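Residue-level structure breakdown
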Amino acid sequence: MNVSEAIRTRRSIGKVKPDQVPQEMIEQIVEAGTWAPNHKLTEPWKFYVMQGEGRDILGNALGDIQAANAGDTSEAAIAAARESGRIKAYRAPVVIGVAVQPSKDPKVIELEEYGAVFAAIQNMLLEIHALGLAAVWRTGEPCFHELMNKAFGLQPDDKLLGFLYLGYPDMEPKPGRRQSAASKTVWLNSTADL
């Protein structure tokens, strides 16, 4: 599969089989993330590969956040929320958390660090697709919650930017659609073009 084909045919696929993914493939996916462009070569990414019971870290964090947001800190509420979170964390045999750890160098622009990690995630999604696997990139408020940072041992300035749920596809992807590039492009050949 060439790059153009991979870009145009990759789709988010949320339903995957429970079959284990070979370690070599997972390593190849993470390695693809490390080849993303990044200003000043800061390599601001951190990857958390969760399989088996390792997914409980994510499930417990999702549950703790759900319980905290509900304002109910009783043992029963936390246990129920953690079970709900665990179910979410076990939707795929492999979950890769991807975090940004921005450089402390004052010459580095923090927003560019986020951009680099988003590029790493796109590299990983394309690698997943090229390997014949399926994935969905999940984000949302729980991703950025301080309890999620705590669960993964991240500092306050660090952020999880998403979780890639991956495995072998168990559904047909929906056809892709985009607005034309022409509708989103302004050609500037002189200052009069604005």
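Attention in this report is confined to the structure presented alongside it. (Residues numbered from 1 in each chain as written. Predicted model: local features only at pLDDT ≥ 70, side-chain atom pairs only at ≥ 80, totals over all residues. Heavy atoms only, no water.)

Time to look at helix 2 (residues 23-33). If you check which residues of helix 2 are buried, you get Met25, Ile26, Ile29, Val30, Ala32 and Gly33. Take helix 2 and look down its axis: the buried residues cluster within an arc of 155°, on one side only. Taken together, the buried residues of helix 2 touch strand 1 (45-51), strand 2 (94-100), helix 5 (110-130) and strand 4 (159-167). (Buried < 20%, exposed > 50% of the residue type's maximum accessible area, 1.4 Å probe, protein only. Helix = DSSP H or I, 4+ residues; strand = E, 2+ residues; numbered from the N terminus. Arc of directions from axis to C-beta. Contact = heavy atoms within 4.5 Å.)

This part takes up the packing of helix 2 against helix 5. If you want to describe how two helices pack, look at the angle between their axes and the distance between the axes. Across the interface, helix 2 lies against helix 5 with an axial gap of 7 Å and an inter-helix angle of 145°. As helix 2 packs across helix 5, the resulting crossing turns out to be right-handed. Where helix 2 abuts helix 5, its residues Gln28, Ile29, Val30, Ala32 and Gly33 lie against Ala120, Asn123, Met124, Glu127 and Ile128. A class-by-class count of the residues in the contact of helix 2 with helix 5 yields 6 nonpolar, 3 polar and 1 charged. (Axes fitted to C-alpha atoms, helices over the stretch in contact; angles between N-to-C directions. Left-handed = near helix turned anticlockwise from the far one by under 90°. Nonpolar A, V, L, I, M, F, W, Y, C, P; charged D, E, K, R; others polar.)

Turning to the environment of Lys40, a few remarks are in order. Turning to its location among the elements, Lys40 is positioned in the loop between helix 2 and strand 1. Each C-alpha atom, one on Lys40 and one on Ile29, is 23 Å from the other, the two residues being 11 residues apart in sequence.

The backbone phi angle of Lys40 is positive, close to 60°, even though this residue is not glycine. On the accessibility criterion, Lys40 (57% relative accessible area) is exposed.

Here the focus is the packing of aromatic side chains. Applying the stated criterion across every chain yields a total of 3 aromatic pairs. Plain terms: the ring middles of Phe118 and Trp137 are 6.1 Å apart, the flat faces sit at 45° to each other, and that makes the pair tilted. With Phe118 in helix 5 and Trp137 in strand 3 (residues 134-138), this residue pair connects regions lying 19 residues apart in the sequence. Ring-pair connections join several aromatic residues into one group, and the members of that group are Tyr48, Phe152 and Phe163. When the ring centre of Tyr90 is taken as origin, the NZ or CZ atom of Arg86, which lies over that ring, is 4.2 Å away. (Phe/Tyr/Trp six-rings, centres within 6.5 Å; stacked < 30°, edge-to-face > 60°. Lys NZ or Arg CZ within 6 Å of the ring centre and 35° of its normal.)

Quick look at the nonpolar core now. Formed by 25 residues in total, the largest nonpolar core has its most connected members in Ile96, Met124 and Leu166. Within the residue set of this core, elements represented by two or more residues are helix 2, strand 1, strand 2, helix 5 and strand 4. Broken down by element, this core gets its largest block of residues, 8 residues, from helix 5. If we ignore the near neighbours within four places in the chain, the residues touching Leu166 are Val16, Val21, Ile29, Ala92, Pro93, Val94, Ile96, Ile128, Leu133, Ala134 and Ala135. Within the second largest apolar cluster, 21 residues are counted, among which are Met50, Leu62, Ala89 and Ala134. (Core = buried A, V, L, I, M, F, W, Y, C linked by side-chain atoms within 4.5 Å.)

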